[in-house]
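Chain by chain, the residues run as shown.
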Amino acid sequence: MRECRHSNLLLRTVAAVMGIVVISGVIAAVRPACADNTATATTVPTSTPVPLGPQGQPELQALVFAGKLGDLRWPDFPDYQGQATLFYAASGYAPAWINDGRPTAQASAMIDAFRQANTKGLNPEDYDVSRWDARIAKLAPATASPAATDLVHFDLALTICAMRYLSDLSIGRVNPNPVKFGVEIGGKKYDLADFIRSQVLPATDVNAVIAEVEPHYAGYQRAETALATYEKLAAQGDGAPLPPVPKGIHPGGDYAGMPQLVARLHLLGDLPASITIAPGQTNYSGDVVGAVKVFQRRHGLKTDGVLGKGTIADLNVPLSQRVEQLQFALERNRWIPPAFAQPPIVVNLPQFILRTMRRQPAPFLTMPVVVGKAYRKQTPVFTGNMQYVIFRPYWNVPTSIEEAELVPKISRDRNYLASHGFEVVDGEDVVTDGVVSDAVLEQLREGQLSIRQKPGPKNALGLVKFIFPNSYNVYLHSTPEPELFSRARRDFSHGCIRVQNPLALAVWVLRDNPEWNEEKIAAAMNGDQTIQVNLTKPIPVLIIYSTAVVEPDGEVRFFDDIYHYDTALQEELAKGYPYPHSNVGLINNPSHTATENAY
């Protein structure tokens, strides 16, 4: 997979750019049946490559060298030029997809896969789906043999499209870095040129080979199934929009848009088709209220049954947008590392949920979280490895918060730090935890001293923090403000992630430290000492971003694009090839045993 180092410049341009993601929950999902991709009657088995002749071979070499083929939808392929060179050099620039002037069975199977690319959340036109019939027709004219140039263009077009498709399917279309996903990828990777020549060209079942390069996460497979469903719904049309409401309609009230509401709830499956309303009914009550609550829960809204502006707006979201959200979920799944040494902890930011893996030698865990504010204090999207836990931590106030918030408060009230449990420090040495003098205040303004908050129930980090070292200084921790977890939308922090049940998380994290049982952990959280406990093995932590999640029971859930990362990803994809890839030409080794049914 591609390198994904998060640049400071990109952090400052969130509005212009942007890890479960349908990585939530875990249960094996059945992959939707593929369309029949068997070769057509005009194809013949692949055989020893036949040279293109004195005219064709130089043209193929020239086109590969130029990195451009004019009759492709995206004609420039400098990102795949090196791989194309390796691919054709291995056969002396003989055609790979043509036998006796006609497409091989493998060529036809690849073209059929391109035609079905939408089922994978990809755009078939990125692989020239509307151009293949004309290219094939040129290979079998009625009265003459195919021209060498037609053979060259067909073969090279298929090679580049196959490389793009297999790479896109395995590791995604865009480099995650510009779209806010900082993840370091390990594991083996296949060279695309070698993979196509050694695995695809001799394959008797090309579909099986293609399937192996896809992510094998159950959440990915569930999203694939949901995408097919929502594409069918979108094809039916959105229906009449629901009329807006000046103020919320509570159960029992009258709503003029009841027919539209019921029709939309029927379409989405939140209201069974057997439940209808009387013609002309405007009273909002009964089963319709229950269906609205189901809809609200699926869309991250307050589940109160009230038809407020937010609920009406989400009900009116075009189904094409829901399709796109599922496509983005599949794209982001492809950025996830294919293997983990330990079961990971996964936080999906727009869902405000932390989960652990299912089907593992540890209990499944899920809980609400509070994440960074949408304006300027977003929680970054990245991966890390949790290494230790600190009970009753100090909070070392970040310089940005110190300068923007605490120093102005101290200027107005010199006793502010003492009354809120803070102290001024020089390194680890305490300067004062009482009244701040003019001299100390000036040193704080100049950045010579810093501020930290003492451990205790009022500490901003609560009673425990979970550390996975990273350049963002982001970690998981408890909080003295548990009331925030009752909110539907929970972006309130300065960037770190607050967890609702820190005791349960600590028990899960320290499950391999037998001396740290629940009783001892609770005592440490409520004791009077700051204690660091190192993990026996690092635990992967994935901070990801997905506005579409498919639960293990198949329920499809959608969330607001709180950081506008969907918009940024949409803009990146609209640019087309060549994307700014860093590891183009590589696909993940199709060996997913370590993460089967991971999510």
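Notes on the structure in this doc start here.

Cut-offs used in this document
- Residues numbered from 1 in each chain as written.
- Predicted model: local features only at pLDDT ≥ 70, side-chain atom pairs only at ≥ 80, totals over all residues.
- Heavy atoms only, no water.
- Pairing = 2+ DSSP bridges.
- Helix = DSSP H or I, 4+ residues; strand = E, 2+ residues; numbered from the N terminus.
- Contact = heavy atoms within 4.5 Å.
- Axes fitted to C-alpha atoms, helices over the stretch in contact; angles between N-to-C directions.
- Left-handed = near helix turned anticlockwise from the far one by under 90°.
- Parallel < 35°, antiparallel > 145°, perpendicular 65-115°, else oblique.
- Nonpolar A, V, L, I, M, F, W, Y, C, P; charged D, E, K, R; others polar.
- Phe/Tyr/Trp six-rings, centres within 6.5 Å; stacked < 30°, edge-to-face > 60°.
- Buried < 20%, exposed > 50% of the residue type's maximum accessible area, 1.4 Å probe, protein only.
- Lys NZ or Arg CZ within 6 Å of the ring centre and 35° of its normal.
- Salt bridge = Lys/Arg side-chain N within 4 Å of Asp/Glu carboxyl O.
- Arc of directions from axis to C-beta.

## Some details on the sheet that holds strand 9 (residues 422–426)
- With antiparallel pairing, four strands are arranged side by side in an open sheet as 8-11-9-10. Each edge of the open sheet carries a strand with a single partner, namely strand 8 (395–396) and strand 10 (429–432).
- Relative to strand 11 (residues 450–453), strand 9 runs antiparallel, the two being bridged by four bridges. Residue pairing in the sheet places Glu-423 in a bridge with Arg-452 of strand 11.
- Its contacts with the sheet place helix 14 (residues 399–412) against strand 8, strand 9 and strand 11, and it is angled at close to 85° to strand 11.

## Focus on the packing of helix 7 (residues 192–200) against helix 8 (residues 206–213)
- Look at helix 7 against helix 8: their axes get within 11 Å of each other, and the N-to-C directions meet at 145°. The interaxial crossing formed by helix 7 with helix 8 has right-handed handedness. Contact with helix 7, carried on its side by Phe-195, Gln-199 and Val-200, involves Val-206, Val-209 and Val-213 of helix 8 and no other residues of that element.

## Some points on the pairing of strand 10
- Relative to strand 10, strand 9 runs antiparallel, the two sharing three bridges. What sits directly across from Val-424, in strand 10, is Thr-432.
- Where strand 9 folds back on strand 10, the antiparallel hairpin that results is connected by two residues, among which Gly-427 adopts a positive phi of roughly 70°.

## Topic: the packing of helix 6 (residues 148–171) against helix 7
- In the contact formed by helix 6 and helix 7, the axes pass within 10 Å of each other and the chain directions differ by 100°. The angle between helix 6 and helix 7 places the two elements in the roughly perpendicular class. Where helix 6 approaches helix 7, its residues Ala-162, Met-163, Leu-166 and Ser-167 are matched on the opposing element by Leu-192, Ala-193, Phe-195, Ile-196 and Val-200.
- Taken together, the residues of the contact of helix 6 with helix 7 break down into eight nonpolar, one polar and no charged.

## A closer look at the packing of aromatic side chains
- A complete count under the given rule lists 15 aromatic pairs for this structure.
- With 5.5 Å between their ring centres and 65° between their planes, Tyr-563 and Tyr-565 make a pair best called edge-to-face.
- Classification of Tyr-565 by relative accessible area gives buried; the value is 3%.
- Taken together, the aromatic side chains of Phe-114, Tyr-127, Trp-132, Phe-154 and Tyr-165 make up a single cluster linked through ring pairs.
- Across from the ring centre of Tyr-577, 4.5 Å away, lies the NZ or CZ of Arg-164, which sits over that ring.

## Topic: the environment of Gly-384
- Position of Gly-384 among the secondary structure elements: in strand 7 (residues 382–391).
- Classification of Gly-384 by relative accessible area gives buried; the value is 10%.
- Once the C-alpha coordinates of Gly-384 and Phe-468 are considered, the two residues, 84 residues apart in sequence, prove to be 5.6 Å apart.
- Gly-384 has contacts with Phe-468, Ile-539, Pro-540 and Val-541, leaving out every residue within four places of it along the chain.

## A word on the pattern of salt bridges
- The full count for this structure, using the stated rule, is 22 salt bridges.
- In this structure, the salt-bridge partner of Asp-71 is Arg-135, at a minimum N-O distance of 4.0 Å. One end of the pair, Asp-71, is in the loop between helix 2 (53–66) and helix 3 (78–89); the other, Arg-135, is in helix 5 (residues 132–139), with 64 residues separating them in the sequence.
- One salt bridge in this structure joins Arg-298 and Asp-270, with 2.8 Å as the shortest N-O distance. Of this pair, Arg-298 sits in helix 11 (residues 287–298) while Asp-270 sits in the loop between helix 10 (258–268) and helix 11, placing them 28 residues apart in sequence. The exposure classification of Arg-298 matches that of Asp-270, with both residues buried.
- If you follow the salt bridges from partner to partner, you end up with Arg-297, Arg-355, Glu-551, Glu-555 and Arg-557 in one network.

## Let's talk about helix 5
- Within the span of helix 5, buried status applies to Trp-132, Arg-135 and Leu-139. For helix 5, the buried positions fall inside an angular range of 65° around the axis, keeping them on one side.
- Buried residues in helix 5 make contact with strand 1 (98–99), strand 2 (102–103), helix 4 (105–115) and helix 6.

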